[in-house]
Amino acid sequence: MTRLTDGMVKDIIRSLDSANEMLIALTGMDTVELACDAAGITKDMIDLDGIKVGIVPVTSGKGIITKFSESVAEIVRRLGMEASVTQAADVTGLAEALSAGAEIVFMADDVTFMAINTKNGRFSNNSYCTAAGYVSALKGAAGGLDGKEVLVLGAGRVGAIAARMMTGMGAAVTVYDIDEERARALSESIPVKVAADVNAALIVHDLVLNAAPGAIDGRFVKEGAIISSPGIPFPFDGLGIKRAGTIINDPLDIGVAVMAVQCASFSRLRRQDAAHGT
Ligand code: 2YC
């Protein structure tokens, strides 16, 4: 997953309203509904109100990203939970969150971004939750994925999980990765086709899940395509934006919302229905 920079994070909090409006318009679901769908539950199965959440800044590696923790806290508050960023970072911050009775603790270093359920130790991972959230968004925008052809760009952590999920939903998935070996390796474990050329694959796909870090050449975006594209930097040029019918993108919101709902579901499910997909 591309590492966020201070510049990319600074506008997240102010853009959360429009991000939620965009989701409703494009997928028919608001952030809570989408997060529940991605976590394999429905809203009536869980009460998110007032769940205490601690966000602990982590100084390891490239260090703290300005407003990253506060952005995570704001996204979680909008789900109805009670979120706060700890004063201290790292281990001391974790101790602070636990002493304050946090039921869920969010922490991210440069490799792993997780939400831990302190009641039972189960945890949510940002890569899985981002994949699940963007698959749900694509499913909503496309009116279902069963029997549909979907192109996945990138066979990394998010792309591979998304490809597996959509295959399981009955989609005919084609995967492209700049390292063809990585796409081929994925096709050994799940029934996906491998695309050798990204532009030849793009131009024939109405549905795209973009989990690759690079820019996309707008000339090859199929007219009216629905593109679900997590994270940053935003990979489309003006022509790509014009040719696509729908582009679902945000730097952090959907992934974090799914993490919070999935992690809460580990200890808070109302009805003990088996929550599928977690
Ligand atoms: O501020 C902090 O606590 C930093 N340690 C946070 C580092 C986050 C690094 N990860 C990322 O930027 C990306 C996110 C978009 C989600 C997963 N990796």
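This text gives an overview of the structure that appears in the document. Nothing here was measured: the structure is a model prediction, and the numbers come from that model.

So, on to the pairing of strand β2 (residues 82–85). Sheet topology note: the strand β1 (residues 52–56)/β2 ladder contains four bridges and is parallel. For valine 53, the partnering residue across the bridge sits in β2 and is alanine 83. Remark: the β1/helix α4 (residues 68–77)/β2 crossover connection has right-handed handedness.

Before going further, it helps to spend a moment on the packing of helix α6 (residues 126–142) against helix α11 (residues 253–268). At a minimum axis distance of 8 Å, the contact between α6 and α11 shows a crossing angle of 105°. In terms of their interaxial angle, α6 and α11 are classed as roughly perpendicular. Contacts between α6 and α11 involve Asn126, Tyr128, Cys129, Thr130, Gly133 and Tyr134 from the former and Ile254, Gly255, Val256, Val258, Met259 and Gln262 from the latter.

The subject of this paragraph is α6. The end-to-end C-alpha distance of α6 is 24 Å, a good match for the 24 Å that 17 residues give at a rise of 1.5 Å each. The distance from a side-chain oxygen at the start of α6 to the backbone nitrogen of serine 127 is 2.6 Å, and the residue carrying that oxygen is asparagine 125. Of the residues one or two after α6, glycine 143 is the one with positive phi, at around 70°.

Moving on: the nonpolar core. Phe106 and Met166 are the most contacted members of the largest nonpolar core, which totals 75 residues. No other element matches the 10 residues that α11 contributes to this core. Counting 14 residues, the second largest nonpolar core, distinct from the first, contains Leu151, Leu153, Ala195 and Ile216.

Here we come to the sheet that holds strand β6 (residues 149–153). On the basis of which strands lie adjacent, the open sheet formed by six strands has the order β8-β7-β6-β9-β10-β11 and parallel pairing. The two strands at the open ends of the sheet, each matched to only one other strand, are β8 (193–194) and β11 (246–248). Two elements, strand β9 (residues 207–210) and strand β10 (residues 226–228), share three bridges in a ladder whose sense is parallel. Note that in β10 the partner of leucine 209 across the bridge is serine 228.

This brings us to the site of the ligand. Around the ligand sit 14 residues, and of these Leu4, Val58, Ile65, Ala108 and Asn126 come closest. Alanine 108 places a main-chain nitrogen or oxygen 2.8 Å from a nitrogen atom of the ligand. With the chains in place, 96% of the 470 Å² that the ligand exposes on its own is no longer accessible. Its residues assigned to classes, the shell around the ligand comprises nine nonpolar, three polar and two charged.

The rules behind these values
- Residues numbered from 1 in each chain as written.
- Predicted model: local features only at pLDDT ≥ 70, side-chain atom pairs only at ≥ 80, totals over all residues.
- Heavy atoms only, no water.
- Pairing = 2+ DSSP bridges.
- Helix = DSSP H or I, 4+ residues; strand = E, 2+ residues; numbered from the N terminus.
- Right-handed = clockwise from strand over helix to strand, strands pointing away.
- Axes fitted to C-alpha atoms, helices over the stretch in contact; angles between N-to-C directions.
- Parallel < 35°, antiparallel > 145°, perpendicular 65-115°, else oblique.
- Contact = heavy atoms within 4.5 Å.
- Expected span 1.5 Å × (residues − 1).
- Polar contact = N/O pair within 3.5 Å; in protein donor to acceptor, adjacent residues only side chain to side chain.
- Core = buried A, V, L, I, M, F, W, Y, C linked by side-chain atoms within 4.5 Å.
- Buried < 20%, exposed > 50% of the residue type's maximum accessible area, 1.4 Å probe, protein only.
- Near = heavy atom within 4 Å.
- Areas by Shrake-Rupley, 256 points an atom, 1.4 Å probe, with all protein chains shown as cover.
- Nonpolar A, V, L, I, M, F, W, Y, C, P; charged D, E, K, R; others polar.

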